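A closer look at the structure
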Amino acid sequence: MAAYLQWRRFVFFDKELVKEPLGNDGAAPTAAPASGPAVSKFLCLPPGITVCDSGRGSLVFGDMEGQIWFLPRSLQLTGFQAYKLRVTHLYQLKQHNILASVGEDEEGINPLVCSQVKIWNLEKRDGGNPLCTRIFPAIPGTEPTVVSCLTVHENLNFMAIGFTDGSVTLNKGDITRDRHSKTQILHKGNYPVTGLAFRQAGKTTHLFVVTTENVQSYIVSGKDYPRVELDTHGCGLRCSALSDPSQDLQFIVAGDECVYLYQPDERGPCFAFEGHKLIAHWFRGYLVIVSRDRKVSPKSEFTSRDSQSSDKQILNIYDLCNKFIAYSAVFEDVVDVLAEWGSLYVLTRDGRVHALQEKDTQTKLEMLFKKNLFEMAINLAKSQHLDSDGLAQIFMQYGDHLYSKGNHDGAVQQYIRTIGKLEPSYVIRKFLDAQRIHNLTAYLQTLHRQSLANADHTTLLLNCYTKLKDSSKLEEFIKTKSESEVHFDVETAIKVLRQAGYYSHALYLAENHAHHEWYLKIQLEDIKNYQEALRYIGKLPFEQAESNMKRYGKILMHHIPEQTTQLLKGLCTDYRPSLEGRGDRETLGCRANSEEFIPIFANNPRELKAFLEHMSEVQPDSPQGIYDTLLELRLQNWAHEKDPQVKEKLHAEAISLLKSGRFCDVFDKALVLCQMHDFQDGVLYLYEQGKLFQQIMHYHVQHEQYRQVVAVCERHGEQEPCLWEQALSYFARKEEDCKEYVAAVLKHIENKNLMPPLLVVQTLAHNSTATLSVIRDYLVQKLQKQSQQIAQDELRVRRYREETTRIRQEIQELKASPKIFQKTKCSICNSALELPSVHFLCGHSFHQHCFESYSESDADCPTCLPENRKVMDMIRAQEQKRDLHDQFQHQLKCSSDSFSVIADYFGRGVFNKLTLLTDPPAARLTASLEAGLQRDLLMHSRRGT
């Protein structure tokens with residue numbers, strides 16, 4: 001039970017008297033203060049008002065004359081005659097334009113006849129008045145009684161009527177039509193019914209029934225109408241109401257001692273509002289009670305209204321949620337309290353209408369702020385559904401108030417409620433004092449929990465923890481279970497913890513949130529734990545392990561070279577994280593580019609050699625840089641080694657590496673390395689591999705290695721014949737006795753016919769020690785061969801001339817002398833020749849039918865055609881090859897007998913064009929005639945008959 005005496009009182013409503021309308025322009029109702037001008041300017045209702053209600057934009061009144069009046073917002077009062085005598089009850093539906101009324105149409109003692117219920121459709125008209133859709137007797141049965149209260153369900157399917165004899169009737173069905181409605185007695189009792197109300201919860205409909213002595217509820221949406229008795233306390237007429245959803249649609253019963261709230265199945269809270277209750281009403285979350293102090297029994301309500309004295313009546317408006325009185329005022333003879341157009345209207349017996357207009361939320365809050373009632377302001381704002389920005393403003397003002405009073409703990413709690421709306425710097429500046437660091441820590445913790453902190457806030461919070469030396473709070477803050485629970489910038493936290501010396505906490509964050517770079521920085525730069533850093537890299541996924549080894553490999557190599565080299569070997573061959581499950585399947589079997597890690601070994605040649613040799617053995621397709629570096633390293637070791645045995649071993653390793661075939665594409669680089677380290681065997685090997693025979697010759701010449709000079713010529717002279725010429729020239733310039741080597745060179749030159757004899761003599765003339773005896777045998781043999789060649793050439797020339805003379809004579813005979821054909825047999829079938837026959841100048845004869853069967857052309861002899869065709873093809877080939885100068889130059893260069901090549905091309909007529917350009921026209925004509933004769937001779941066949 002809540003004692004209202006402890007509730008504060010406020011003036012959250014403005015009281016005004018409603019004025020009469022100024023015209024018929026439909027203006028909104030106006031009001032003037034009670035202390036205004038003459039009373040005649042205020043709205044005055046008709047006399048004899050007996051009952052009131054409101055809804056659908058109008059105030060509805062019934063009077064003693066049987067009229068129903070409507071007061072719309074324009075305050076143009078209208079009415080119609082609803083009953084002949086009086087109106088006793090009205091109920092205006094809120095969702096439909098339907099009005100239910102109870103009144104009397106006939107004078108009489110028997111209320112069974114005179115009391116009627118009428119249902120009015122206010123949207124339809126009948127002769128200017130609202131259409132009455134249904135009329136039926138209010139009192140069922142034969143026992144006389146009086147209607148005490150009336151209620152209608154908003155779905156128009158239920159209507160309940162209460163009577164003074166304690167009975168309640170229920171009209172079920174469409175209340176606007178007789179044929180679809182059924183009336184039955186729902187409740188019988190011994191006490192007058194003072195209040196009824198329908199409550200809809202889902203598909204279930206409850207009916208609350210209150211009498212002067214008890215409260216009960218019925219389920220009217222089902223069968224049998226089960227009843228639940230809720231209480232043994234009742235109330236007077238008009239002292240019950242149904243709350244809105246803010247109070248869970250509870251049924252309110254205002255007794256003289258307390259106000260009770262009921263659910264359909266149980267009694268709820270009660271409030272000790274003393275005083276004799278006259279009217280109870282619910283308005284927008286407020287409970288409106290009209291009461292007087294003089295105690296009167298509720299039963300007197302049914303005796304005589306006129307006997308009531310005109311005592312002062314008190315109207316209180318209670319806010320049940322926030323526990324305060326929103327308004328309290330004294331009125332004289334209140335008839336009823338109505339709610340419409342967002343305001344309360346109080347009707348008094350003198351016909352006046354008082355408007356109670358609720359102040360706006362901001363005004364009410366300002367009133368509470370002036371009294372420093374911030375908690376009440378917060379509750380009020382929440383009940384008024386103020387937005388989050390407005391609530392945050394209240395929390396801020398409340399916090400400022402507490403801060404000014406020195407209540408820093410309370411202030412920070414209010415500031416915490418502004419997070420997300422108020423700029424955090426506003427709060428942080430207030431608590432930067434060292435004595436208030438606990439409050440600042442609480443605020444920053446909440447800021448992080450709501451994921452609204454930035455890097456600066458994280459830095460500040462961690463500094464607070466470190467200043468307080470609160471390791472437990474620090475660990476609780478950073479050791480979250482999952483990524484979704486992290487409410488701070490991890491990198492910022494790591495920086496602050498590292499700076500403050502909390503290395504273990506910083507390492508925990510870095511490891512759990514995969515900030516590998518920070519973890520390694522702390523291990524290597526702060527803790528100097530190189531082993532742990534290397535172990536951590538070894539369990540990272542491939543990409544992270546590779547990048548971190550490139551970044552920190554030199555430091556690790558300097559302090560723990562063997563372990564670092566081992567990790568690099570694995571990283572560059574077949575990397576797998578050291579902890580199972582840490583890397584995914586895609587990273588398994590990956591390998592890094594080993595060439596990129598060579599700079600790490602800058603000051604560790606021993607480990608570098610081990611790494612390079614491992615890579616060359618395990619991974620033959622390693623990058624070229626691996627083999628280049630390995631070659632350079634082996635050459636350096638060979639050049640600086642003093643021990644002959646070790647030097648020989650290093651020499652063999654270097655040669656073996658050169659012969660591995662890995663330097664074909666980087667021949668120049670390997671050659672430069674060998675030359676830099678004066679590795680002669682490697683240089684000569686590379687010369688030979690690169691077919692640089694001239695350089696090999698030059699090397700032996702520089703070192704005056706005569707035997708090697710000859711050996712080079714013998715080995716590579718076939719590929720490069722000029723080596724013999726260079727060897728002969730070299731020996732010719734030497735003053736020493738080189739007869740043995742000169743003889744060997746001359747023998748080869750003679751066999752391959754590499755130099756003309758004259759050039760050989762001129763070359764050896766430079767040597768003062770060389771005598772004629774050195775080349776005597778060479779010259780004798782050369783002259784003998786040339787003599788034999790001359791004799792052969794003269795014999796061939798003589799034979800060609802004789803053949804040419806014979807051919808010319810034959811051609812002349814064909815031109816000047818007749819040809820006698822004496823053939824007696826066909827050259828094809830070898831049968832006796834018969835006419836008609838075909839004869840050719842070549843001497844062949846054919847039967848005409850044999851010739852036509854076997855000949856390919858009418859002008860060619862079938863027997864001579866194959867040979868003639870070969871000759872013609874040769875002539876065409878010679879003509880096509882006349883311009884093949886590149887081929888001529890190549891053959892001339894490669895042939896051992898240059899003169900024969902030139903003679904061959906002369907024979908083909910390659911040089912004819914050059915001679916024809918310079919010859920006179922007569923010479924050209926003669927040449928063309930000779931060419932024609934040659935063709936005729938080669939073809940020497942014409943058709944004859």
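Residues numbered from 1 in each chain as written. Predicted model: local features only at pLDDT ≥ 70, side-chain atom pairs only at ≥ 80, totals over all residues. Heavy atoms only, no water.

In the nomenclature of an unreviewed UniProt entry, the protein chain corresponds to Vacuolar protein sorting-associated protein 11 homolog from the organism Neomonachus schauinslandi. Listed in UniProt under the heading Sequence similarities (unreviewed entry), the comment for the protein chain reads: "Belongs to the VPS11 family." Taken verbatim from the UniProt record of the protein chain, the Function (unreviewed entry) comment is "Plays a role in vesicle-mediated protein trafficking to lysosomal compartments including the endocytic membrane transport and autophagic pathways. Believed to act as a core component of the putative HOPS and CORVET endosomal tethering complexes." (UniProt positions renumbered as here; feature names shortened; annotations may be inferred.)

A closer look at the overall build of the protein chain
Within the protein chain, the regular secondary structure consists of 32 helices and 34 strands. Buried residues in the protein chain amount to 45% of all 945 residues. Nonlocal contacts in the protein chain, meaning residues at least 24 apart in sequence, comprise 48% of its contacts between residues at least 6 apart. Here the protein chain displays about 50,300 Å² of accessible surface, and carbon together with sulfur accounts for 49% of that area. (Helix = DSSP H or I, 4+ residues; strand = E, 2+ residues; numbered from the N terminus. Buried < 20%, exposed > 50% of the residue type's maximum accessible area, 1.4 Å probe, protein only. Contact = heavy atoms within 4.5 Å. Areas by Shrake-Rupley, 256 points an atom, 1.4 Å probe, with all protein chains shown as cover.)

With respect to the environment of Glu 257
With respect to the helices and strands, Glu 257 occurs in the loop between strand S22 (251–254) and strand S23 (259–262). Separated by 17 residues in the primary sequence, Glu 257 and Glu 274 place their C-alpha atoms 5.0 Å from one another. When near neighbours in sequence (up to four residues on either side) are disregarded, Glu 257 contacts Phe 271, Ala 272, Phe 273, Glu 274 and Lys 277.

Some words on the pattern of salt bridges
For the coordinates displayed, the defined rule picks out 23 salt bridges. One salt bridge in this structure joins Lys 521 and Glu 517, with 3.8 Å as the shortest N-O distance. Note that Lys 521 and Glu 517 are positioned in helix H12 (residues 516–527) at a spacing of four residues, about one turn of the helix. Judged by its relative accessible area of 36%, Glu 517 is partly exposed. Through salt bridges with shared partners, a single network forms among Arg 498, Glu 525 and Asp 526. (Salt bridge = Lys/Arg side-chain N within 4 Å of Asp/Glu carboxyl O.)

A word on the confidence of the model for the protein chain
On average, the protein chain scores 80 in pLDDT, and the residues at 70 or more come to 80%. Low pLDDT (under 50) marks residues 30–40, which in the prediction has 17 contacts with non-local residues, meaning those over four places away or in another chain. Counted against residues more than four places away or in other chains, residues 303–309, with its pLDDT under 50, gives five contacts. (pLDDT = per-residue confidence, 0-100.)

Structural notes on the sheet that holds strand S8 (residues 78–81)
Spatially, the four strands line up as an open sheet ordered S5-S6-S7-S8, and their pairing is antiparallel. At either end of the open sheet lies a strand with only one pairing partner, and these are strand S5 (49–55) and S8. The sheet shows a mean angle of 20° between the axes of neighbouring strands, taken without regard to direction. By the bridge criterion, six bridges tie S5 to strand S6 (residues 58–63) in an arrangement that is antiparallel. Within S6, the position partnered with Gly 55 by the bridge is Ser 58. (Pairing = 2+ DSSP bridges. Axes fitted to C-alpha atoms, helices over the stretch in contact; angles between N-to-C directions.)

Description of the packing of helix H13 (residues 530–538) against helix H15 (residues 561–573)
The axes of two packed helices give the description: the angle between them and the distance between them. As a packed pair, H13 and H15 sit with axes 11 Å apart at the nearest point and diverge in direction by 5°. Judged by the inter-axis angle, H13 sits roughly parallel to H15. Along the contact surface, H13 presents Gln 531, Leu 534, Ile 537 and Gly 538, while H15 presents Gln 563, Thr 564 and Leu 567. (Parallel < 35°, antiparallel > 145°, perpendicular 65-115°, else oblique.)

Quick look at the packing of aromatic side chains
As enumerated under the stated definition, the model contains 29 aromatic pairs in all. Aromatic pair Tyr 403 and Phe 431: ring centres 5.6 Å apart, planes at 80°, arrangement edge-to-face. Here Phe 431 lies in the loop between helix H6 (424–428) and helix H7 (437–449) and Tyr 403 lies in helix H4 (residues 388–404), a separation of 28 residues in the sequence. The exposure class of Phe 431 is buried, given its relative accessible area of 0%. (Phe/Tyr/Trp six-rings, centres within 6.5 Å; stacked < 30°, edge-to-face > 60°.)

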